[in-house]
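Next come the chains, spelled out residue by residue.
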Amino acid sequence: MTSHDVDGFRLTVLNPRGHDAEQEFRTLPEPGEGAHPPINFHAFAACTQGAFHHNVRRAIAENTPVLLLLRGDFCASERAFADLKRHCRTVVVSLKETGLHQIAQQLCNRGRLSRFMKILAEADGCITTTPEAAEIFQSARWSLRRVPFIPTPYPVEDQRWNFRVAPDDQSGIFVGTREWDVPSRNHFAALLVARQLCNATGESVTVFNLDGNKAQRLLTEMKFPQGKLHVIEKWKSYPDYLRIVARHKIVLQLDRSHVPGQVAGDALLCRIPCVGGDGTIERIAFSKTCGEGRTITETTSMALDLLNNADLRGAIVAESEERALEHLSFQAVRSQLAKFFTKFPQEKR
């Protein structure tokens, strides 16, 4: 593939009847610009200078291949798929929610499962953002050739998206999870570890609570040392959220959901270590500190070492930047997407 092929490739991401605003990504927006930051599935559109739509007609009008997101009961996705194929579009599909617990929840209903299998049988291919989802799709329908694992990219090569803070201005632990009611998130266990680290080092702990009084009562029961637990209860814009994260020494979580890994992606943009989760981004960029194959005790020990050693934190961040540029940057993922879509015939105008 030539550089011209990569540079000329554009992708439309379609989330039929979704709630995110439609957006054209002719250039990479700077932080705070545009309706949605260039992360998650928006990042596939952004890295190819494509578009993100929830209206099928506007997606068709782009005259590009389409990544169709399967969501909800899959009815809207099924109708959108039929419309796209009537207009001879190349249609590759992906589940919008790809954590293992999310896939299980979506496909335990007979009607949803039937629509899912029908779409898979007729689509041109599938993109998965986790290795585990790729295995599920391959078992359901395709060989590896038609089901590439392509991680969600992050604009790590763009200095406008570098939220690095000087080490002397960093302190404390940021807890990356916030969902008490999803067992695989292990939010309670992560808070226990954070409290243990707080007691051992004197570092403060920051956690988001957007669930009101019930979650606040749970946090109160954790009995953190006086003044050491900082709770943020108001929604923040994505850039403001990153600025908060970047002021900490580490991001800590014990998530075992095998999700794409936005928490680790946020840590990448903030240039701080992410410790303890098993998301895709963590396994790629933070392989030495991720939770895959490690016990809670081992994770706690790693986090303690990082909190006490600025040089070690710097080394982990440097390695994560190198791996991200190679595997997770907009340029790297755009090349992967372009290479995959060359397998399919050219669009009929």
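Summary of the structure given here. (Residues numbered from 1 in each chain as written. Predicted model: local features only at pLDDT ≥ 70, side-chain atom pairs only at ≥ 80, totals over all residues. Heavy atoms only, no water.)

### Notes on the environment of His 42
For step 1, the next point in the chain: Counting through the fold element by element, His 42 comes out in helix α2 (residues 40-47).
For step 2, the next point in the chain: With sequence-adjacent residues up to four places away left out, His 42 is seen in contact with Asp 20, Ala 21, Gln 23, Phe 25, His 36, Pro 37 and Phe 52. (Helix = DSSP H or I, 4+ residues; strand = E, 2+ residues; numbered from the N terminus. Contact = heavy atoms within 4.5 Å.)

### A short note on the packing of aromatic side chains
For step 1, the next point in the chain: For the structure shown, the criterion picks out 13 aromatic pairs.
For step 2, the next point in the chain: With a centroid separation of 5.9 Å and 45° between ring planes, the pair formed by Phe 41 and Phe 44 is classed as tilted. Of this pair, Phe 41 and Phe 44 both sit in helix α2, three residues apart, which is roughly one turn of the helix.
For step 3, the next point in the chain: A residue is classified by how much of its surface remains accessible, and Phe 41, at 8% relative accessible area, is buried.
For step 4, the next point in the chain: Taking 5.2 Å as the distance between ring centres and 90° as the angle between the ring planes, the aromatic pair formed by Phe 340 and Phe 344 counts as edge-to-face.
For step 5, the next point in the chain: Its relative accessible area of 6% is what places Phe 344 among the buried residues.
For step 6, the next point in the chain: Every member of this aromatic cluster is reached through a ring pair, and the members are Trp 161, Phe 163, Phe 174, Phe 208, Tyr 238 and Tyr 241. (Phe/Tyr/Trp six-rings, centres within 6.5 Å; stacked < 30°, edge-to-face > 60°. Buried < 20%, exposed > 50% of the residue type's maximum accessible area, 1.4 Å probe, protein only.)

### With respect to the side chain of Thr 64
For step 1, the next point in the chain: Position of Thr 64 relative to the elements: it lies in the loop between α3 (56-61) and β4 (66-70).
For step 2, the next point in the chain: Polar contacts involving the side chain of Thr 64 include one to the side chain of Thr 12, which spans 2.6 Å. (Polar contact = N/O pair within 3.5 Å; in protein donor to acceptor, adjacent residues only side chain to side chain.)

### Digging into unusual backbone geometry
For step 1, the next point in the chain: At Gln 49, a position not held by glycine, the phi torsion is positive, near 55°.
For step 2, the next point in the chain: Here Gln 49 is to be found in the loop between α2 and β3 (51-53).
For step 3, the next point in the chain: Taking the relative accessible area as the measure of exposure, Gln 49 reaches 34% and is therefore partly exposed.
For step 4, the next point in the chain: Positive phi, normally seen in glycine, also occurs at Asn 186, with a value near 55°.
For step 5, the next point in the chain: Structurally, Asn 186 is set in the loop between β7 (173-175) and α8 (187-201).

### Some points on the pattern of salt bridges
For step 1, the next point in the chain: Inspection of the entire model under this criterion finds 19 salt bridges.
For step 2, the next point in the chain: In this structure, Glu 203 and Lys 249 form a salt bridge, with 2.6 Å as the shortest nitrogen-oxygen distance. Taken together, the residues span a long stretch of sequence, with Glu 203 in the loop between α8 and β8 (205-208) and Lys 249 in the loop between α10 (238-246) and β10 (250-252) at a distance of 46 residues.
For step 3, the next point in the chain: With a relative accessible area of 12%, Glu 203 lands in the buried category.
For step 4, the next point in the chain: Ionic contacts of the salt-bridge type, sharing partners, join the residues Arg 10, Glu 24, Arg 26 and Glu 62 into one network. (Salt bridge = Lys/Arg side-chain N within 4 Å of Asp/Glu carboxyl O.)

### Side note on the sheet that holds strand β11 (residues 274-275)
For step 1, the next point in the chain: Taken together, five strands build an open sheet; the order of strands is β9-β8-β7-β10-β11 and the sheet is parallel. For this open sheet the edge positions go to β9 (229-232) and β11, each flanked by a neighbour on one side alone.
For step 2, the next point in the chain: One ladder, built from three bridges, connects β7 with β10; its direction is parallel. Residue pairing in the sheet places Ile 173 in a bridge with Ile 250 of β10. (Pairing = 2+ DSSP bridges.)

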